[in-house]
Amino acid sequence: MDSQFNTTKIKSRRALRVVFTTNKHAVRLWSATDIDLIPTDEENEHSFLKKIGPDILNESCSFKLIEERLTSKRFHKKKSSTLMLDQTVFAGLGNYLRSEILFDAKIHPDDRPFDLDKTRITQWAKSIKNISQLAYKTGGFTVSKSLADRNKENGEPRRSYRHAVFMRHQYECLNCKDRIERKWYGKRKVDYCPSCQIQRGKIKPTK
Ligand SMILES: [Zn+2]
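Residues numbered from 1 in each chain as written. Predicted model: local features only at pLDDT ≥ 70, side-chain atom pairs only at ≥ 80, totals over all residues. Heavy atoms only, no water.

A.B. asks: Would you explain the coordination of the zinc ion in this entry?
C.D. replies: Angles at a metal have ideal values that depend on geometry: 109.5 degrees with four tetrahedral donors, 90 or 180 degrees with six octahedral donors. All of the protein donors around the zinc ion are C173 (SG), C176 (SG), C193 (SG) and C196 (SG); their distances to the metal are 2.3 to 2.4 Å. One way to put it: the 4 donor atoms around the zinc ion meet at angles of 102 to 114°, and that makes the site tetrahedral. Sequence spacing of the donor residues for the zinc ion, all on one chain, is C-x2-C-x16-C-x2-C. (Donors = N, O, S within 2.8 Å, 3.2 Å for Na, K, Ca; no water. Tetrahedral: all angles 85-135°; square planar, octahedral: opposite > 155°, others 65-115°.)

Given below as structure tokens:
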């Protein structure tokens, strides 16, 4: 497994489970509980992979496909905060992306696709794709460089200046200057702006 280029000194005390190396690079997987190595042509038969949704970063995952999944019978009555982390809906979204996508699309974390009009769903689909791509290209930034620089100049630490709302709990919203708030779903936080992300489900007349 070791190549002559794989010379990184390992300082971590976590258990190293798998290493993939090429002549120039190494990929290390740490502290994983279950590992399966499977041939490509058997991927679709794997019990976990069979269930996961489309990979947001893949070209085949279009805005249309994202909209269709959000508004499908299977998912349209689930909260946006649930949908954005459920890997059976979309694969690849993590916790900071959930807050950042919902802020970009101006969607309240308790609203469901069912509560939203077509324009809002379309914006949501765009935010899912665009924010994920931006984060992928920039190594985890979900705002433009100029915005990140401005947050940094205002004294924010790295964990918050990279984002619009995530870890910016108690800071001012970049859009409206109101205070970013935090909600917990299970043990995972969503940071959001209560003024930009108004709850639409509540203001609809009950049927
Ligand atoms: Zn705001």
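Having seen the structure, we can now continue with the description.
A.B. asks: Would you mind showing me how to read the packing of aromatic side chains here?
C.D. replies: To describe a pair of aromatic rings, you give the distance between the ring centres and the angle between the ring planes. Under the defined criterion, the tally for this structure stands at 1 aromatic pair. Here the aromatic rings of Y96 and F166 are separated by 6.5 Å at their centres, their planes lie at 50°, and the arrangement is tilted. Here Y96 is found in helix α3 (residues 95–104), whereas its partner F166 is found in the loop between α6 (158–161) and β3 (181–185), with 70 residues between them in sequence. With relative accessibility at 26%, the residue Y96 sits in the partly exposed group. The ring centre of F114 lies 4.5 Å from the NZ or CZ of K77, which sits over that ring. (Phe/Tyr/Trp six-rings, centres within 6.5 Å; stacked < 30°, edge-to-face > 60°. Helix = DSSP H or I, 4+ residues; strand = E, 2+ residues; numbered from the N terminus. Buried < 20%, exposed > 50% of the residue type's maximum accessible area, 1.4 Å probe, protein only. Lys NZ or Arg CZ within 6 Å of the ring centre and 35° of its normal.)

A.B. asks: I would appreciate a short explanation of a negative patch on the surface in the present structure.
C.D. replies: A contiguous patch of negative charge on the surface is contributed by D41, E42, E43 and E45. Assignment of secondary structure puts E45 in the loop between β2 (26–30) and α1 (63–70). Taking relative accessible area as the criterion, E45 reaches 58% and is therefore assigned exposed. (Patch = residues over 30% accessible without salt bridge, like charges linked within 9 Å, V, L, I, M, F, W, Y side chains within 5 Å. Areas by Shrake-Rupley, 256 points an atom, 1.4 Å probe, with all protein chains shown as cover. Salt bridge = Lys/Arg side-chain N within 4 Å of Asp/Glu carboxyl O. Lys, Arg positive; Asp, Glu negative; His and termini not counted. Charge placed at Lys NZ, Arg CZ, Asp CG, Glu CD.)

A.B. asks: Would you explain the pairing of β3 in this entry?
C.D. replies: Look at any regular strand and the pattern is simple: side chains alternate between the two faces of the sheet. Note that β3 and strand β4 (residues 188–192) share 5 bridges and pair antiparallel. From the neighbouring strand, K183 faces β4, where its bridge partner is V190. (Pairing = 2+ DSSP bridges.)

A.B. asks: Just checking my understanding: could you explain the pairing of β4 for this structure?
C.D. replies: Counting buried residues along β4, 4 of its 5 residues qualify, which places the element largely inside the surrounding structure. Linkage of β3 to β4, two consecutive antiparallel strands, is achieved through a turn of 2 residues, within which G186 is found at a positive phi near 65°.

A.B. asks: Please clarify how the nonpolar core should be interpreted in this entry.
C.D. replies: One broad rule of soluble globular proteins: the nonpolar side chains tend to lie buried together. L70, M84, F90, W124 and I128 are the most contacted members of the largest nonpolar core, which has 22 residues in total. Of all the secondary-structure elements, those providing two or more residues to this core are α1, α3 and α4 (118–138). In terms of residue count, the dominant contributor to this core is α4 (6 residues). Once residues within four sequence positions are removed from consideration, L70 is found in contact with F75, H76, L83, M84, F90, P113, I121, W124, A125 and I128. (Core = buried A, V, L, I, M, F, W, Y, C linked by side-chain atoms within 4.5 Å. Contact = heavy atoms within 4.5 Å.)

A.B. asks: For this particular structure, what's the right way to read the environment of R120?
C.D. replies: Along the chain, R120 turns up in helix α4. Along the sequence, R120 and S62 sit 58 residues apart, while their C-alpha atoms lie 17 Å from each other. Residues contacting R120, with those up to four places away along its chain left out, are A105, K106, I107 and R200.

A.B. asks: Just checking my understanding: could you explain the pattern of salt bridges for this structure?
C.D. replies: Where charged atoms from two side chains of opposite charge approach closely, those side chains can pair. The final tally for this structure, using the stated rule, is 8 salt bridges. Between R168 and E156 there is a salt bridge, and its shortest N-O distance comes to 2.8 Å. In this pair, R168 sits in the loop between α6 and β3 while E156 sits in the loop between α5 (145–153) and α6, placing the two residues 12 residues apart along the sequence. We note that R168, like E156, is buried.

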